[in-house]
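What follows is the residue order along each chain.
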Amino acid sequence: MIVWGGFDGENFVNTGARYDPATNSWTPTSTVNAPTARDAHSAVWTGDQMIVWGGYDNQDLNTGGRYTPTTDSWTATSI
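Chemist: Honestly, the pairing of strand 4 (residues 42-45) in this entry has me stumped. Any pointers?
Modeler: Two faces make up the sheet, and in a regular strand the side chains alternate between them. Note: strand 4 against strand 5 (residues 50-53), four bridges, orientation antiparallel. Of the residues in strand 5, the one forming a bridge with Trp45 is Met50. Here strand 4 folds back onto strand 5 in antiparallel fashion, the turn holding four residues, of which Gly47 has a positive phi close to 115 degrees.

Chemist: I'm lost on the environment of Gln49 in this one. Help?
Modeler: Residue placement: Gln49 occurs in the loop between strand 4 and strand 5. Gln49 sits 19 residues away from Thr68 along the chain, and the two C-alpha atoms are 4.8 Å apart. Sequence-distant contacts of Gln49, that is, excluding residues within four places in its chain, are made with Val44, Arg66, Tyr67 and Thr68. One polar contact links Gln49 to Thr68, side chain to side chain, over a distance of 3.0 Å.

Cut-offs applied
Residue indices begin from 1 for each chain and proceed along its sequence in written order. Where totals are concerned, whole chains, interfaces and linings use all residues; where local detail is concerned, this predicted model gives features only for residues with pLDDT of at least 70, and gives and counts side-chain atom pairs only at 80 or more. Side-chain calculation: all heavy atoms of the structure are included, whereas hydrogens and water are not. Between any two strands, at least two bridges found by DSSP are needed for them to pair. Every helix listed is a DSSP run of H or I at least four residues long, and every strand listed is a run of E at least two residues long, numbered separately from the N terminus. The criterion used for residue contact is that any of the two residues' heavy atoms lie within 4.5 Å. Whenever a nitrogen or oxygen atom comes within 3.5 Å of another N or O atom, the pair is scored as a polar contact, on the condition that within protein one atom can donate a hydrogen and the other can accept it, and that pairs from neighbouring residues in sequence are kept only if both atoms are in side chains.

Right, here's the structure in full:
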């Protein structure tokens with residue numbers, strides 16, 4: 001399971017983590033090249049990547065990124 005982004009009650013965030021049920025542990029996701037902080041975004045799983053798109057950070061966003069957990073890396077998506 002991967003969780004990413006949101007609102008912590010004071011700030012929009014662009015951080016997240018991956019959960020490994022085999023070890024019952026969480027590992028932070030990289031923030032290098034991650035999309036800007038946001039809340040109310042969409043995220044879908046492709047089978048090997050999580051795609052994040054849209055959301056809100058005091059304005060509507062039309063940007064996103066692709067996260068690959070095997071390499072712990074982000075790639076920007078084109079708009």
